[in-house]
Amino acid sequence: MSVFAPVPLVSGIAAPLLRANVDTDAIIPSREIKGVGKTGLADGLFAGWRYLEPGSRVPDPDFILNDAAFARAPILLAGENFGCGSSREHAVWALHEYGFRAVIAPSFAPIFRGNCVTNGIIPVILDAAAILAITAAGGPVTIDLLAQTVTSGDVAAPFAIDTEAKAMLAQGLDAIDLTARHAAAIAAFHIADRIARPWIYLEATS
Amino acid sequence: MTNSRTLFAKLWDAHVIASLGMGEDLVAIDRVFLHERTGSVALRSLAASGRCVTDPRRIFAVTDHIVDTLPGRTGTLVPGGAAFLEATREETRKAGIHLFDVEDPDQGIVHVISPELAIVLPGATLVCPDSHSCSQGALGALAWGIGSTEAEHAMATGTLRVRRPGTMRVTFSGRLGPGVTAKDMALALIATHGASGGKGHAIEFAGEAVAALDLEGRLTLCNMAAEFGAMTAFVAPDEVIFDYLKGRRYAPRGPAWDAALTAWRLLATDPGATFDREIVMDAHAVAPMMSWGVSPQDSVPIDASIPTPPYTGSSARALDYMALRPGQQLLGTPIDAAFIGSCTNSRLADLRRVAAIVRGRHVANGITAIIVPGSSAVRRAAEAEGIDRIFMDAGFDWRMSGCSLCFYAGGDGFAPGARVISSTNRNFEGRQGPGVRTHIASPETVAASAIAGAIADPRDWPPLPAPGDGKADDRAHAFTAGAEAR
């Protein structure tokens, strides 16, 4: 069961939001999470920065995504520790629904990075200097996941990504399906573990 | 010393089912905890995909994030919040998962009740779609926060696909000074090494000051690892933890307890084992800390002034948001509100230390001051000791348990522009409401500031002697000897 469209390649304008420690409350404030589901979140993306008043929908002209040149950008250029804070996956669902397919940052918060991979957003790690060079070039950016390169104008930078994450993103693979292939090893683990750590198994107490 | 292993290696290796290559492993997950805000989405999505929970006895759920904490509550004040509660109830019932609902006597914040009920055990892996799951590493477990989709994976397969993190040891040498707590240790660490200083690592907290912390202090310390960019943090379990767990609801009993204890005593880093990174902090040099900006890394000793480097970009924005100036003294800055609660600092030991400061004093005029116990059990225990009366006599609101004003979800909140001093873990822009300016600090510092009506140093507010109460001297002594020392 595929949960998202594969992203072997992402190409287009990159919107620079070069602030450090952009947290998931900033990406989607808790008050914008109004339903039990993964959709209906794009309007709340960066709501605290994107709109002039809390709760309003009047765009703040100073916010980068309200600049017509970046309105449909599929790539976000970000600062250190992007996606820190809450584990809320709504941050990634909001970015995806808005149209982002990749975020390029010097580092990501670990839960956020995992959430990107399970939802079809490529978390690209590049050093801050490369991100500044891409921002300065201002042209279209191409992320080739299979070749693990980012190119933009004169900039061509390789990036590293786990093989698992790469395969999931490039093919739209579902992690639960992948893990199902290990069913025999999981069963064998539990047979041994029940002997080694019987107190972990709660049938006697619950 | 090739046989020397870190505690992390022992915890991890005991759970690896298969290697997936390139540093990723398939890891067995012993416990999954869900809460209504993110767990409801995972449960509903799992059901919609036609998959099922393989072992519901290992899954627990709670209502904590958006439950109303005002007295007499029945549900939630959050617009649309009822749908999250309903989805949690409906899906946990269908899946056969135990839910600690609003009215349950054991209801409370997931990271408070999981230790209280011994759902988390030394040596266990525990995940929850909540970033502060790392708190529970305080019991010698490998506990970390995940996304909702990963929670579906953990429930459907009993496993997670996880990249093995690097190892880091953070040693606090020496002892804490008077009035300095685990919260201050965490903020000092993050202020020194940055909000991403722990990135990619599983952190073992060690050293004399860590060993001297009670269980609550260790939970506070590990809680803040999420603010340090770490995957998780933990402390090697010891007698403090074993004494705490014995006899609690989900703890093993009889021969199973003895077998578990034998295994748990081996959960320590062997002499000579090496870490990928080591950080040493001088506990004696840690002062009560206070944040000034919008990241926990923007924190300074409470009697210091705001740094005066060239402010550009993020830090300039932070000062502007907080309405502060470079070089300004934090002490004496007037506040509008004070909040004590959250998974960081809402446990009985936290509330007892707060009570020692506020007893016989009163919250300053015009200050909104709120205390929210972390669990219904903490609330009952505080009431049995009578410290709820001390809070109410001092002018604090005394509430039902939950996450409450740690964050703003659209219901209960502070006014825009309000300056709030808070025992919580996050001072992000808008975290406690649009435009709200949050300063994070220890519960002692929050209590002292609420009484002063302005940012105050808890060391300037020792417990008052209570005439005719023989315990007053003991309280004062406990305070000066280091509030959390055993």
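Going by what an unreviewed UniProt entry lists, chain B is known as 3-isopropylmalate dehydratase and is assigned to Sphingomonas alpina. A UniProt comment under Catalytic activity (unreviewed entry) is attached to chain B, and it reads "(2R,3S)-3-isopropylmalate = (2S)-2-isopropylmalate".

For chain A, an unreviewed UniProt entry supplies the name 3-isopropylmalate dehydratase small subunit and the organism Sphingomonas alpina. Quoted verbatim from the Sequence similarities (unreviewed entry) heading of the UniProt record, the comment on chain A is "Belongs to the LeuD family. LeuD type 1 subfamily." According to its UniProt record, chain A has this under Function (unreviewed entry): "Catalyzes the isomerization between 2-isopropylmalate and 3-isopropylmalate, via the formation of 2-isopropylmaleate."

The subject of this paragraph is the overall build of chain B. Summing up its helical and strand segments, chain B has 16 helices and 19 strands in all. A compact globule built from 486 residues should have a C-alpha radius of gyration of about 23 Å, and chain B, at 22 Å, falls within 12% of that. Taken along its principal axes, the extent of the C-alpha atoms in chain B is 60 × 55 × 55 Å. Counting over 486 residues, chain B shows a buried share of 67%. Long-range pairs, those at least 24 residues apart, make up 75% of the contacts in chain B between residues at least 6 apart in sequence.

Below, the discussion takes up the side chain of Thr 149 of chain B. Of note, Thr 149 of chain B is situated in helix H5 (residues 148-157). Separated by 2.3 Å, the side chains of Thr 149 of chain B and Glu 89 of chain A make a polar contact.

Once that is clear, we can look at the interface of chain B and chain A. How big an interface is tends to be expressed through the accessible area that disappears when the partners come together. Contacts between the two partners involve 74 residues from chain B, matched on the other side by 54 residues from chain A. Summing both sides of the interface, chain B and chain A together bury roughly 5,300 Å²; the carbon and sulfur share of this comes to 57%. Considering only the surface of chain B that becomes buried against chain A, Arg 51, Arg 57 and Arg 161 of chain B emerge as the three largest contributors, covering 12% of it. Summed over the shared surface of chain B and chain A, the result is 8 salt bridges. With its nearest N and O atoms 3.2 Å apart, the salt bridge here joins Asp 174 of chain A to Arg 51 of chain B.

With that out of the way, let us pick up the UniProt feature "domain: Aconitase A/isopropylmalate dehydratase small subunit swivel" (unreviewed entry) in chain A. Cross-referencing UniProt, the feature "domain: Aconitase A/isopropylmalate dehydratase small subunit swivel" (unreviewed entry) maps to residues 10-127 of chain A in the present numbering. For residues 10-127 of chain A, helix accounts for 22% and strand for 16%, while the C-alpha atoms at its two ends are 19 Å apart.

Neighbouring strands of a sheet are bound in pairs by backbone hydrogen bonds; such pairs are parallel or else antiparallel. Reading across the sheet, the 3 strands line up as S1-S2-S8 (chain B) and stay open at both edges, with antiparallel pairing between neighbours. Either end of the sheet is taken by a strand with one partner, and the two such strands are strand S1 (16-21) and strand S8 (159-163) of chain B. Between one strand axis and the next, the sheet turns by 25° as a mean value, whatever way the strands run. The pairing of strand S2 (residues 24-28) of chain B with S8 of chain B spans 5 bridges and is classified as antiparallel. Its bridge partner being in S8 of chain B, Leu 26 of chain B is matched across the sheet by Arg 161 of chain B. Contacts between helix H8 (residues 183-196) of chain A and the sheet are confined to S1, S2 and S8 of chain B, with S1 of chain B contributing the most and set at about 150° to the helix.

Further remarks concern the environment of Gly 79 of chain A. Residues and elements named next belong to chain A. Checked against the element boundaries, Gly 79 lands in the loop between strand S3 (75-78) and helix H3 (90-98). Overall, Gly 79 belongs to the buried group, its relative accessible area being 9%. A sequence separation of 53 residues divides Gly 79 from Leu 132, and the C-alpha atoms of the two residues are 9.9 Å apart. Residue contacts for Gly 79: discarding those within four places in its chain leaves Leu 17, Leu 18, Arg 19, Ala 20, Ala 105, Pro 106 and Ser 107.

All names here are of chain B. Both S1 and S2 contribute to a ladder of 4 bridges, which runs antiparallel. Across the sheet, residue Ala 18 finds its bridge partner in S2, namely Leu 26. Taking the residues between adjacent antiparallel strands as the criterion, S1 and S2 are bridged by 2 residues, where Met 22 takes a positive phi near 55°.

To continue, consider the domain arrangement of chain B. All names here are of chain B. On domain assignment, one finds that chain B holds domain 1 (7-281) and domain 2 (290-460). Averaged C-alpha coordinates put domain 1 and domain 2 at centres separated by 24 Å. The interface is formed by 42 residues belonging to domain 1 together with 43 residues belonging to domain 2. Summing both sides of the interface, domain 1 and domain 2 together bury roughly 3,200 Å²; the carbon and sulfur share of this comes to 58%. The three residues of domain 1 that bury the most area against domain 2 are Thr 69, Ile 109 and Lys 183, which together make up 19% of that side's buried surface. Counting across the domain 1 and domain 2 interface gives 1 salt bridge. One salt bridge connects Glu 227 with Arg 426, and the closest N-O pair in it is separated by 2.7 Å. Here domain 1 and domain 2 share 23 residue pairs in polar contact (both at pLDDT 80 or more) between them. Looking at the side of domain 1 that touches domain 2 element by element, the count peaks at 5 residues for helix H6 (residues 182-193). Of the residues contributing to the side of domain 1 that touches domain 2, the split by class is 19 nonpolar, 12 polar and 11 charged.

So, how was this worked out
In this numbering scheme, every chain counts its residues from 1 along its sequence in written order. A letter from A marks each chain and a number from 1 marks each ligand, given out in the order of writing. Given that the model is predicted, a residue must reach a pLDDT of at least 70 before its local features are reported, and side-chain atom pairs must reach 80 or more before they are shown or counted; all residues, however, enter totals for whole chains, interfaces and linings. Each side-chain value is worked out from all heavy atoms of the structure, with water and hydrogens disregarded. UniProt positions are given in the numbering used here, feature names are shortened, and annotations may be inferred rather than shown by experiment. The helix and strand labels rest on DSSP assignments: H or I over at least four residues marks a helix, E over at least two residues marks a strand, and numbering proceeds from the N terminus. For the radius of gyration, the atom set is restricted to C-alpha positions; the globular benchmark scales as 2.2 Å times the number of residues to the power 0.38. For the exposure calls, accessible area comes from a 1.4 Å probe over protein chains only, and a residue counts as buried if that area is under 20% of its type's maximum, exposed if over 50%, partly exposed in between. Residue contacts are defined here by distance: any two heavy atoms, one from each residue, within 4.5 Å place the two residues in contact. For the purposes of these results, a polar contact is taken to be a pair of N or O atoms within 3.5 Å, where, inside protein, one atom must be able to donate a hydrogen and its partner to accept one; residues adjacent in sequence count only when each atom of the pair is a side-chain atom. Defined here as a combined quantity, buried area equals the accessible surface (1.4 Å probe) lost by two parts on assembly, summed across both. Salt bridges are defined by distance alone: a side-chain nitrogen of Lys or Arg within 4 Å of a carboxyl oxygen of Asp or Glu. Paired strands, as defined in this entry, are two strands with at least two bridges between them according to DSSP. Axis definition: a line fit to C-alpha positions, over the contact stretch in the case of helices; interaxial angles, taken between N-to-C directions, run 0 to 180 degrees. The domain boundaries here were taken from an automatic or database domain assignment. Basically, the charged four are Asp, Glu, Lys and Arg, the nonpolar ten are Ala, Val, Leu, Ile, Met, Phe, Trp, Tyr, Cys and Pro, and anything else, Gly included, counts as polar.

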